[in-house]
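Survey of secondary and tertiary structure
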Amino acid sequence: KQEVTQIPAALSVPEGENLVLNCSFTDSAIYNLQWFRQDPGKGLTSLLLIQSSQREQTSGRLNASLDKSSGRSTLYIAASQPGDSATYLCAVLVDGQNFVFGPGTRLSVLP
Amino acid sequence: DTGVSQDPRHKITKRGQNVTFRCDPISEHNRLYWYRQTLGQGPEFLTYFQNEAQLEKSRLLSDRFSAERPKGSFSTLEIQRTEQGDSAMYLCASSLGQARGEQFFGPGTRLTVL
């Protein structure tokens, strides 16, 4: 059974710092990995999608990498801003139709 | 707004009552997913449709839960005889075409069972 973990569970940084969020999964047989952002009480906003054949994706200040063989993905956020404060979730697509989510990393960026 | 929409956004009900939620996916998306999320956890997969066909159901989806997508467009999720343990955020997502497509989520319906 696929299990997804995220480290750290919570993170608080001053504005302007670069930071790395980690996601690990137990079964490397995934179709893709997607990073999401969730604001309190809201739905999920897609940030980046990495197909299983890809190594990384970039969007603005965000860069996500994928190492299937080691079961790891990292989300790098450059020059963090208070507006980046949210919970960040990673999810892996298994069986082509079923996403398994991690518990999330709660990020606070202090002004 | 052309994103995924869900209705209602909030629902408070008494234990034992039935509730129904609606999801309208992005119009050209043929895949539709339902998830449940409890506080401090990531979403858990419940069920998935391709067009009007329900192709997979999680073991989390007890016989009190039923989902439909009658014309391959909007979907409904009904919970019968609600229990306090059903209190959660119910999220809907849709994606286009191929199995590896990016999922887009709606704002969710927060259910509170008293």
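In what follows, the accompanying structure is described. Since this is a predicted model, take the numbers as computed values, not measurements.

**Focus: the overall build of chain B**
Broken down by element type, chain B carries zero helices and 11 strands. Going residue by residue from the N terminus, the α and β elements of chain B occur as β-β-β-β-β-β-β-β-β-β-β. For chain B, whose C-alpha radius of gyration is 13 Å, the value lies close to the compact-globule estimate of 13 Å for 114 residues. By principal-axis analysis of the C-alpha atoms, chain B measures approximately 40 × 25 × 25 Å. At a minimum sequence separation of 6, the contacts of chain B that also span at least 24 residues come to 53%. As presented, chain B carries roughly 5,800 Å² of accessible surface, and 45% of it is formed by carbon and sulfur atoms.

**Let's talk about the pattern of salt bridges**
It is possible for side chains of opposite charge to pair when their charged atoms get near one another. Summed over all chains, the structure comprises five salt bridges over all chains. The closest approach of N and O atoms between aspartate 84 of chain A and arginine 61 of chain A, which form a salt bridge, is 2.8 Å. Pair noted here: aspartate 84 of chain A is in the loop between β8 (72-77) and β9 (86-94) and arginine 61 of chain A is in the loop between β6 (56-59) and β7 (62-67), with a separation of 23 residues, a long-range link. The class of arginine 61 of chain A is partly exposed, set by a relative accessible area of 30%. Residue arginine 64 of chain B is joined to aspartate 86 of chain B by a salt bridge in which the shortest nitrogen-to-oxygen separation is 2.9 Å. Here aspartate 86 of chain B lies in the loop between β8 (75-79) and β9 (88-95) and arginine 64 of chain B lies in the loop between β6 (53-57) and β7 (65-68), a separation of 22 residues in the sequence. The pair arginine 64 of chain B / aspartate 86 of chain B is uniform in exposure class, with both members buried. Members of the salt-bridge network, linked through shared partners, are Arg64, Glu83 and Asp86 of chain B.

**With respect to the sheet that holds β7 of chain A**
Within a sheet, neighbouring strands are paired by backbone hydrogen bonds and run either parallel or antiparallel to one another. All names here are of chain A. Pairing is antiparallel in the open sheet, where five strands are placed in the order β1-β3-β8-β7-β6. The sheet is open, and its two edges are formed by β1 (4-7) and β6, each paired on a single side. Between one strand and the next, the sheet's axes are offset by a mean angle of 15°, whatever the strand orientation. As paired elements, strand β3 (residues 19-25) and β8 share six bridges and run antiparallel to each other. Paired with serine 24 across the two strands is arginine 72, which belongs to β8.

**Overview of the side chain of histidine 29 of chain B**
Examined against the element boundaries, histidine 29 of chain B turns out to sit in the loop between β3 (19-24) and β4 (31-37). Not counting chain neighbours up to four residues away, the residues in contact with histidine 29 of chain B comprise Arg69, Ser94, Ser95, Leu96 and Phe104 of chain B.

**Quick word on the interface of chain B and chain A**
Taken together, the contact between chain B and chain A spans 22 residues of the former and 22 residues of the latter. On inspection of chain B and its partner chain A, the count reaches four residue pairs in polar contact (both at pLDDT 80 or more). For the side of chain B that touches chain A, the secondary structure elements donating two or more residues are β4, β5 (44-50) and β9 of chain B. In terms of residue count, β4 of chain B provides more of the side of chain B that touches chain A than any other element does, four residues in total.

The rules behind these values
Residues numbered from 1 in each chain as written. Chains lettered and ligands numbered in written order. Predicted model: local features only at pLDDT ≥ 70, side-chain atom pairs only at ≥ 80, totals over all residues. Heavy atoms only, no water. Helix = DSSP H or I, 4+ residues; strand = E, 2+ residues; numbered from the N terminus. Rg over C-alpha atoms; globule rule 2.2 N^0.38 Å. Contact = heavy atoms within 4.5 Å. Areas by Shrake-Rupley, 256 points an atom, 1.4 Å probe, with all protein chains shown as cover. Salt bridge = Lys/Arg side-chain N within 4 Å of Asp/Glu carboxyl O. Buried < 20%, exposed > 50% of the residue type's maximum accessible area, 1.4 Å probe, protein only. Pairing = 2+ DSSP bridges. Axes fitted to C-alpha atoms, helices over the stretch in contact; angles between N-to-C directions. Polar contact = N/O pair within 3.5 Å; in protein donor to acceptor, adjacent residues only side chain to side chain.

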